[in-house]
Amino acid sequence: MTGSRKAAWIIGAIVAFDLLFLALPTLVVLVASFTPGTIITFPPPGFSLRWYGNLLQARDFADALWRSLQVGLVCTALSLPAGTLAALALARFRLRFATGLQIYLLLPFTIPLVVSGVGLMLVFGRLGWLGAVWPVGVAACVINLPFMIWAVAASVNHLDPDLENAAANCGAPPVHSFFTVTLPAVAPGILTGALIMFILAINEFLVSLMLTDARTVTLPVLVYNAIRSIITPDLAAVSVVYVILAVAAIWLLDRLVGLDIFLKSKQG
Amino acid sequence: MAQATTAAAEPMVRLERVSKRFGATLAVETASFDLEPGSFLTILGPSGCGKTTLLRMIAGFIRPDGGSIVLNGRPVAADPPWRRSIGMVFQKLALFPHMTAAQNVAYPLKMRGFPRQGMAERVERYLSIVRLGGLGGRRPHELSGGQQQRVAIARALVFEPDLLLLDEPLAALDRKLREDMQLEFRRIQRELGVTTINVTHDQREALVMSDRILVMEGGRIQQAANPVDTYARPANRFVAGFLGVTNFLPGRLASLAEGRAVVEVEGTRLEGLCADPSLAPGAAVAAAVRAERVRIAGTGETAPDESDVEGEVVEVVFEGDRFVYELRMPSLGGIPLRLFDLDPLAHPRHAPGERVTVAWRHRDLMVFPA
């Protein structure tokens with residue numbers, strides 16, 4: 001009895017430590033962003049919203065945020081059809097080169113982002129795409145597509161293998177059955193994947209660093225540039241904007257499909 | 001089509017020499033049968049016998065290599081599944097997870113172009129036929145296993161198909177629920193009078209539910225008969241072994257006249273029945289006797305129409321409604337023999353090691369080519 005209580009106490013302590021450790025950086029930044037001073041310190045010497053006020057007036061931050069959102073939207077719009085169809089094809093049809101195709105699709109994921117970044121920079125430069133915002137979204141889609149495929153594949157693998165047969169048996173021709181049965185049935189996975197892709201895209205840094213210039217700089221890159229010059233508390237305020245975005249995405253996911261599905265598809 | 005439906009004796013389903021090969025394996029070999037309107041047929045066989053392939057060819061998911069499938073007078077072998085008037089209950093049910101029970105049931109009506117008017121009433125009527133009245137608003141994952149079965153049945157029947165196919169939908173259920181659902185399927189099938197083909201490897205299910213049983217093995221139909229005949233007069237050794245608990249005694253045919261056979265097993269002559277007149281004396285045969293047809297007899301207690309053989313008890317198990325004895329038969333070359341004592345409360349229990357005399361009627365010994 002005492003043994004198991006002791007064990008429970010130890011496990012509880014470990015869990016509490018883990019939770020604290022996971023949340024600590026975010027909490028520190030959150031608290032630090034309310035400093036009235038001109039340098040980031042923890043704990044802050046007082047409370048003020050001055051850096052949030054600064055942020056609202058800083059056009060470069062607002063523009064960079066807007067560009068990051070654009071990158072997120074382009075990336076999500078591209079990965080929706082690409083990832084969904086790839087996952088369905090890989091999981092549902094007996095393709096001749098399924099394994100090879102899977103490895104090919106995971107390729108961007110296995111090589112360092114710096115390498116991908118250089119490659120994309122060369123290709124985009126050749127195509128004359130550099131200097132625009134949307135190619136950054138394309139790049140984010142290319143390097144993160146496996147996440148989309150995994151999310152959808154996890155949903156597809158939960159499906160009854162006879163689902164399309166059942167639709168056909170009910171009288172639905174293949175195209176009908178795809179839109180009325182297959183797609184809605186994997187919708188939780190598609191939605192999960194889309195939100196992951198969006199979040200990853202607006203957070204994407206390394207590849208964006210190589211693909212952007214002063215006119216197209218995205219928020220993470222702008223934050224990095226700012227750190228290199230001088231660390232002011234408005235960076236902490238920017239970080240809080242990111243935290244809010246992430247929390248909003250998770251809230252949306254929970255409302256739409258439920259977090260249990262989100263967590264399950266991440267395992268898949 | 002019009003002329004075909006006029007004749008009353010026309011079968012609802014007719015398969016003629018339907019075959020399917022997957023690579024080197026012949027999954028179904030020239031399967032032919034007729035099925036009368038309103039009857040319940042079970043295709044019974046071990047896994048890999050071709051029964052599921054045959055069912056999927058009828059449903060239209062697999063295209064046969066040869067032969068014809070006629071449904072309600074219309075050849076359908078070239079039709080895609082969505083143009084066949086066939087409802088199907090799938091092995092894992094394949095309910096649409098994003099739809100409510102009622103939407104699942106309404107789906108075939110929508111896809112098959114039924115008028116919107118009266119659709120809701122029809123869905124509700126079928127939900128109440130399967131005793132799910134009031135649960136139409138639930139999603140499949142909010143329903144129990146048995147309730148999900150019922151949704152699948154309603155979805156398969158709501159458009160009043162010519163034929164209902166059951167692809168082992170009961171296999172995954174626990175025993176009590178499975179037995180309840182067997183009777184439930186039968187009730188609904190009789191109530192609606194829908195022609196049904198069921199596929200299973202469960203002999204009990206086949207015996208309980210069917211008007212007719214088709215036993216398959218190795219891609220071939222071994223026997224097509226009603227349940228009683230299938231059990232009482234198996235067509236061959238495979239069918240005899242697949243249904244019931246059957247003891248096989250390997251031996252040679254000593255004589256055969258008018259269906260009465262004498263078999264010699266390790267020097268012991270046994271009388272039995274043989275339906276295969278082509279067997280010549282000396283042929284290797286398997287004599288078969290079912291466990292419940294063998295009894296333990298006191299010495300000198302056997303009747304003139306019985307065979308009696310000495311045996312030694314190896315194991316005895318009490319199962320409530322029966323003793324199950326495992327015996328060793330020294331005079332039959334030491335082969336094992338299993339028998340059921342179906343009145344365990346009235347009979348003494350024979351202990352392992354005890355020597356007993358067992359007896360069975362001559363007509364209970366079935367002789368097949370080995």
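Everything numeric here is computed off the predicted structure, so don't read it as measured data.

Asks: Summarise the overall build of chain A; cite the residues concerned and give the values.
Replies: Per the secondary structure count, chain A includes 12 helices and zero strands. Referenced to the eigenvectors of the C-alpha coordinate spread, the extents of chain A come out at roughly 70 × 70 × 30 Å. A separation threshold of at least 6 residues defines the contact pool for chain A, and within that pool the share at least 24 residues apart is 71%. Of the roughly 14800 Å² of accessible surface on chain A, 73% is carried by carbon and sulfur atoms. Side chains of chain A carry 14 positive and 11 negative charges; the gap between the two charge centres is 4 Å.

Asks: Requested: an account of the sheet that holds strand E3 (residues 40-44) of chain B, with residues and values cited.
Replies: All names here are of chain B. Within the open sheet, the six strands sit side by side as E6-E7-E8-E3-E9-E10. Their pairing is mixed. At either margin of the open sheet sits one strand with a lone partner, and together these are strand E6 (86-89) and strand E10 (220-225). Each strand axis lies, on average, 20 degrees off the axis of its neighbour in the sheet, ignoring direction. Contacts from helix H2 (residues 51-59) reach E3, E6, strand E7 (163-167), strand E8 (195-200) and strand E9 (212-217) within the one sheet, and its direction differs from that of E7 by about 145 degrees.

Asks: Lay out helix H5 (residues 113-127) of chain A with the relevant residues and their values.
Replies: All names here are of chain A. Relative to the 21 Å expected for 15 residues at 1.5 Å per residue, H5 spans 20 Å between its end C-alpha atoms, a close match to the ideal helical length. Every buried residue belonging to H5 is among Ser-116, Gly-117, Leu-120 and Phe-124, and all of these are buried. Seen along its axis, H5 keeps its buried residues to an arc of 100 degrees; they face one direction. Facing away from the buried side of H5, by more than 90 degrees, are the exposed residues Leu-122 and Arg-126.

Asks: Can you explain the packing of aromatic side chains? Please cite residues and give values.
Replies: Residues and elements named next belong to chain A. Applying the stated criterion across every chain, the model contains 13 aromatic pairs over all chains. Ring plane angle 85 degrees and centroid distance 5.2 Å describe the contact between Phe-178 and Phe-179, whose orientation is recorded as edge-to-face. Relative accessible area serves as the criterion here: at 25%, Phe-178 is assigned to the partly exposed category. You can call Phe-179 exposed: its relative accessible area is 52%. Members of the aromatic cluster, connected to one another through ring pairs, are Phe-34, Phe-47 and Tyr-52.

Asks: Account for the UniProt feature "domain: ABC transmembrane type-1" (unreviewed entry) in chain A, with residues named and values stated.
Replies: Cross-referencing UniProt, the feature "domain: ABC transmembrane type-1" (unreviewed entry) maps to residues 65-253 of chain A in the present numbering. Strand forms 0% of residues 65-253 of chain A and helix 82%; the C-alpha atoms that close the span are 22 Å apart.

Asks: Outline the sheet that holds strand E18 (residues 335-341) of chain B, listing residues and values.
Replies: All names here are of chain B. Strand order in the open sheet formed by five strands is E15-E19-E16-E17-E18, and the pairing between neighbours is antiparallel. Sheet topology places strand E15 (295-297) and E18 at the edges, where each strand pairs with a single neighbour. Taking each pair of neighbouring strands and ignoring which way they run, the sheet shows an average axis angle of 50 degrees. Examined bridge by bridge, strand E16 (residues 306-318) and strand E19 (residues 355-361) share seven bridges and lie antiparallel to one another. When the bridges of E19 are listed, Glu-310 appears paired with Thr-357.

Asks: Explain the side chain of A:Thr218 to me, and be specific about the residues and the numbers.
Replies: Assignment of secondary structure puts A:Thr218 in the loop between helix H9 (206-211) and helix H10 (219-229). Residues within four places of A:Thr218 in sequence aside, it is in contact with A:Ala64, A:Ser68, A:Val71, A:Ser208 and A:Thr212.

Asks: Would you mind going over unusual backbone geometry in detail, with residue names and values included?
Replies: Along the chain, A:Phe42 connects to A:Pro43 via a cis peptide bond; the corresponding omega equals -5 degrees. Along the polypeptide, A:Pro43 turns up in the loop between helix H1 (2-32) and helix H2 (50-57). At B:Glu160, a residue that is not glycine, the phi angle is positive and equals roughly 50 degrees. One can find B:Glu160 in the loop between helix H5 (145-157) and E7. The backbone of B:Glu266 shows a phi angle near 50 degrees, a positive value even though the residue is not glycine. Mapped onto the secondary structure, B:Glu266 falls in the loop between strand E12 (260-265) and strand E13 (268-273). The class of B:Glu266 is exposed, set by a relative accessible area of 59%.

Asks: How would you summarise the nonpolar core if you had to cite specific residues and measurements?
Replies: Formed by 70 residues in total, the largest nonpolar core has its most connected members in B:Leu54, B:Phe96, B:Tyr107, B:Leu165 and B:Ile197. Residue contributions to this core peak at 12 residues, all from helix H6 (residues 134-158) of chain A. Ignoring anything within four residues of it in the chain, the contact list for B:Leu165 reads B:Leu55, B:Ile58, B:Ala59, B:Ile86, B:Gly87, B:Met88, B:Val89 and B:Ile197. The next biggest cluster of nonpolar side chains, apart from the first, holds 34 residues, and it includes B:Ala106, B:Met119, B:Ala154 and B:Leu164.

Asks: So what about the pattern of salt bridges? Which residues, and what values?
Replies: Residue and element names in this part refer to chain B. A full pass over the atoms with the stated rule returns 26 salt bridges over all chains. Taking the shortest distance from any N to any O, the salt bridge between Arg-220 and Glu-29 comes out at 3.0 Å. Here Arg-220 is found in strand E10, whereas its partner Glu-29 is found in strand E2 (residues 25-35), with 191 residues between them in sequence. You can call Arg-220 partly exposed: its relative accessible area is 46%. Sharing partners across several salt bridges, the network here consists of Arg-131, Arg-150, Glu-184, Arg-187 and Glu-191.

Asks: Explain a nonpolar patch on the surface to me, and be specific about the residues and the numbers.
Replies: Residue and element names in this part refer to chain A. Together, Phe-93, Leu-95, Leu-101, Ile-103, Tyr-104 and Leu-107 make up a nonpolar patch on the protein surface, roughly 610 Å² of accessible area in all. Looking at where Leu-107 falls in the secondary structure, it is placed in helix H4 (residues 98-110). Taking the relative accessible area as the measure of exposure, Leu-107 reaches 41% and is therefore partly exposed.

Asks: If you had to explain the pairing of strand E1 (residues 13-22) of chain B to someone new, which residues and values would you point to?
Replies: Residue and element names in this part refer to chain B. As judged from the five bridges shared by E1 and strand E4 (residues 66-71), these two strands associate in the antiparallel manner. Bridge assignment links Leu-15 to a residue of E4, and that residue is Ile-69. Two strands pair when backbone bridges link them, and E1 and E2 are joined in this way by seven bridges, in the antiparallel orientation. The partner of Arg-14 across the bridge, within E2, is Asp-34. In sequence, E1 turns back onto E2 through a hairpin of two residues, with Gly-23 there showing a positive phi of about 60 degrees.

Asks: Can you lay out the interface of chain A and chain B for me, pointing to particular residues and giving the numbers?
Replies: Each partner contributes residues to the interface: chain A has 21 residues there, and chain B has 22 residues. The largest contributions to the chain A side of the interface with chain B come from A:Asp162, A:Asn169 and A:Cys170, which together make up 35% of the buried area. Here chain A and chain B share one salt bridge between them. Among the ionic pairs, B:Arg56 bridges to A:Asp162, the shortest N-O distance being 2.8 Å. On the surface where chain A and chain B come into contact, there are eight residue pairs in polar contact (both at pLDDT 80 or more). Among the secondary structure elements, those contributing two or more residues to the side of chain A that touches chain B are helix H7 (163-169) and helix H8 (174-203) of chain A. At seven residues, H8(A) tops the list of elements feeding residues into the side of chain A that touches chain B. Of the residues in the side of chain A that touches chain B, the class split is 13 nonpolar, six polar and two charged.

Basis of the calculations
- Residues numbered from 1 in each chain as written.
- Chains lettered and ligands numbered in written order.
- Predicted model: local features only at pLDDT ≥ 70, side-chain atom pairs only at ≥ 80, totals over all residues.
- Heavy atoms only, no water.
- Helix = DSSP H or I, 4+ residues; strand = E, 2+ residues; numbered from the N terminus.
- Contact = heavy atoms within 4.5 Å.
- Areas by Shrake-Rupley, 256 points an atom, 1.4 Å probe, with all protein chains shown as cover.
- Lys, Arg positive; Asp, Glu negative; His and termini not counted.
- Charge placed at Lys NZ, Arg CZ, Asp CG, Glu CD.
- Pairing = 2+ DSSP bridges.
- Axes fitted to C-alpha atoms, helices over the stretch in contact; angles between N-to-C directions.
- Expected span 1.5 Å × (residues − 1).
- Buried < 20%, exposed > 50% of the residue type's maximum accessible area, 1.4 Å probe, protein only.
- Arc of directions from axis to C-beta.
- Phe/Tyr/Trp six-rings, centres within 6.5 Å; stacked < 30°, edge-to-face > 60°.
- UniProt positions renumbered as here; feature names shortened; annotations may be inferred.
- Core = buried A, V, L, I, M, F, W, Y, C linked by side-chain atoms within 4.5 Å.
- Salt bridge = Lys/Arg side-chain N within 4 Å of Asp/Glu carboxyl O.
- Patch = residues over 30% accessible without salt bridge, like charges linked within 9 Å, V, L, I, M, F, W, Y side chains within 5 Å.
- Buried area = accessible area lost by both parts, 1.4 Å probe.
- Polar contact = N/O pair within 3.5 Å; in protein donor to acceptor, adjacent residues only side chain to side chain.
- Nonpolar A, V, L, I, M, F, W, Y, C, P; charged D, E, K, R; others polar.

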